[in-house]
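Okay, here's what each chain looks like letter by letter:
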Amino acid sequence: VQLQAYGGGLVEPGGSLRLSCAASGRPFNNNVLAWFRQAPRKAREFVSAIDWSGRRPLYADSVKGRFTISRDNDQNTVSLQMNSLKSEDTAIYYCAADNDRSNVPHTDYREYEYWGQGTLVTVSS
């Protein structure tokens, strides 16, 4: 089982970026998928999660209204569209998948079993 995140890069404040994460090894239709981030010298932080159907997204307050999570179960992918980016969004972004069959989008990173390697997002002018 592997998760591969990509799409990070350097973007100016106010700009947009789209992250994607491809899952391989088996279908992830019955896994909640999520994005977390970790800035330098800070703890890992929940960003967003989405249930099996893709109809129940959950967002951290800090990104609500700016970020949109989506999933494609046919392609085994989860994406994060990030708009109106701020310097405080600078971090390494990780995708994750749970394995508890509850279909509950969790905010606690300990609820997620599978992790991608991370992709760096830098918001700077």
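Because the structure is predicted, anything quoted here is derived from the model rather than measured.

**Digging into unusual backbone geometry**
Phi at Asn76 takes a positive value of approximately 60°, unusual for a residue other than glycine. Tracing the sequence through the fold places Asn76 in the loop between strand 7 (67-72) and strand 8 (77-82). Phi at Arg101 takes a positive value of approximately 60°, unusual for a residue other than glycine. Note on placement: Arg101 falls in the loop between strand 9 (91-98) and strand 10 (112-115).

**Digging into the sheet that holds strand 7**
Strands sit in the order 1-3-8-7 across an open sheet of four strands; the sheet is antiparallel. Each edge of the open sheet carries a strand with a single partner, namely strand 1 (2-6) and strand 7. Averaged over all pairs of adjacent strands, the angle between their axes in this sheet comes to 15°, without regard to strand direction. Sheet topology note: the strand 3 (residues 17-24)/strand 8 ladder contains six bridges and is antiparallel. Residue pairing for strand 8: Ala22 is matched across the bridge by Thr77.

**Re the nonpolar core**
Counting 36 residues, the largest nonpolar core has Leu3, Trp35, Phe67, Leu80, Met82 and Tyr93 as the members making the most contacts within it. Once residues lying within four places of it in the same chain are set aside, the contact partners of Leu80 are Leu17, Arg18, Leu19, Trp35, Val47, Ser48, Phe67, Thr68, Ile69 and Tyr93.

**A short note on the side chain of Asp89**
Summarising the element assignment, Asp89 is placed in the loop between strand 8 and strand 9. Owing to a relative accessible area of 0%, Asp89 belongs among the buried residues under this scheme. Reaching out from Asp89, the side chain makes a polar contact with the side chain of Arg37 at a distance of 2.9 Å. In this structure the side chain of Asp89 is engaged in a polar contact, spanning 2.8 Å, whose partner is the backbone nitrogen of Lys86.

**Digging into the packing of aromatic side chains**
For the structure on display, the rule yields five aromatic pairs. On the basis of an interplanar angle of 55° and a centroid distance of 5.2 Å, the ring pair of Phe36 and Trp115 is categorised as tilted. Of this pair, Phe36 sits in strand 4 (residues 33-38) while Trp115 is found in strand 10, placing the two residues 79 residues apart along the sequence. A relative accessible area of 1% places Phe36 in the buried class. Here Trp115 falls in the partly exposed class, since its relative accessible area comes to 25%. Here Tyr112 and Trp115 contribute two aromatic rings whose centre-to-centre distance is 6.5 Å and whose plane-to-plane angle is 75°, an arrangement assigned as edge-to-face. A relative accessible area of 5% places Tyr112 in the buried class. Here a set of aromatic residues connected by ring pairs shows up, and it is made of Phe36, Phe46, Tyr112 and Trp115. Sitting above the plane of the Trp115 ring, Arg44 keeps its charged end 4.7 Å from the centroid.

Quick notes on the rules
Residues numbered from 1 in each chain as written. Predicted model: local features only at pLDDT ≥ 70, side-chain atom pairs only at ≥ 80, totals over all residues. Heavy atoms only, no water. Helix = DSSP H or I, 4+ residues; strand = E, 2+ residues; numbered from the N terminus. Pairing = 2+ DSSP bridges. Axes fitted to C-alpha atoms, helices over the stretch in contact; angles between N-to-C directions. Core = buried A, V, L, I, M, F, W, Y, C linked by side-chain atoms within 4.5 Å. Buried < 20%, exposed > 50% of the residue type's maximum accessible area, 1.4 Å probe, protein only. Contact = heavy atoms within 4.5 Å. Polar contact = N/O pair within 3.5 Å; in protein donor to acceptor, adjacent residues only side chain to side chain. Phe/Tyr/Trp six-rings, centres within 6.5 Å; stacked < 30°, edge-to-face > 60°. Lys NZ or Arg CZ within 6 Å of the ring centre and 35° of its normal.

Everything listed is a geometric property; what it means functionally is a separate question.
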